[in-house]
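# Structure at a glance
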Amino acid sequence: MDFAEKCNRIFWNTEQMFRSNDDIDFKPVNPFDDGSAENILFERHLIETAIRLHGNEASYSARIKELKAECGALTEALERCLAKECNEAALVVAAIDRLSAVALDIFVTDCEVRRGDASPEYVEECRGKLRNLLGERERLTAEMTALEEEYRKKK
């Protein structure tokens, strides 16, 4: 499995964990080795999910600010971690950021599709958006895989 697919699995798993708890301070056991890129991605995406789902709630504004700072620190840690293996770590992190954002859009849109109180028209609109987002994830995954292959050839 290439790194892009690992990212997608990590994103999906953290979102499912968050969905089952929906607590802004939810901290499940991180299954990855301390300091690994996967460990950092898990932590960061969990925070990004909390921010995305609770970022507009006034009661959480101070906590969201703290989480955004944590997320920034994790992004820097991810770049340092990847720099050990790749000369273009900043480009890889940028690709991961795009993939993560699309993963969150898919998660939120899927939640909307599953709402029981939504009109059939709204659900169909969300399904169309979800199809587009899944296509975008596929495209970004392919781009990231090509980027990874390019860097492997340079080593």
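Preceding block: the structure.
Residues numbered from 1 in each chain as written. Predicted model: local features only at pLDDT ≥ 70, side-chain atom pairs only at ≥ 80, totals over all residues. Heavy atoms only, no water.

A few words on the pattern of salt bridges. Counting across every chain of the model gives 17 salt bridges. With its nearest N and O atoms 3.5 Å apart, the salt bridge here joins Lys-6 to Glu-38. Taken as a pair, Lys-6 in helix α1 (residues 3–21) and Glu-38 in helix α2 (residues 37–54) lie far apart in primary sequence, 32 residues in all. By relative accessible area, Lys-6 is classed as partly exposed at 33%. With a shortest N-O distance of 2.9 Å, Arg-63 and Glu-66 are connected by a salt bridge. (Salt bridge = Lys/Arg side-chain N within 4 Å of Asp/Glu carboxyl O. Helix = DSSP H or I, 4+ residues; strand = E, 2+ residues; numbered from the N terminus. Buried < 20%, exposed > 50% of the residue type's maximum accessible area, 1.4 Å probe, protein only.)

We now examine the packing of helix α3 (residues 61–83) against helix α4 (residues 89–113). Contact geometry for α3 and α4: axes closest at 9 Å, N-to-C directions at 130°. The angle between α3 and α4 falls in the class oblique. Viewed along their axes, α3 and α4 form a crossing whose handedness is right-handed. Each of Thr-75, Leu-78, Glu-79, Leu-82 and Ala-83 in α3 lies in contact with α4, whose residues at this interface are Ala-89, Ala-90, Val-92, Val-93 and Ile-96. Of the residues in the contact of α3 with α4, the class split is 8 nonpolar, 1 polar and 1 charged. (Axes fitted to C-alpha atoms, helices over the stretch in contact; angles between N-to-C directions. Parallel < 35°, antiparallel > 145°, perpendicular 65-115°, else oblique. Left-handed = near helix turned anticlockwise from the far one by under 90°. Contact = heavy atoms within 4.5 Å. Nonpolar A, V, L, I, M, F, W, Y, C, P; charged D, E, K, R; others polar.)

Interpretation note: all reported values are geometric properties and have no functional meaning in isolation.
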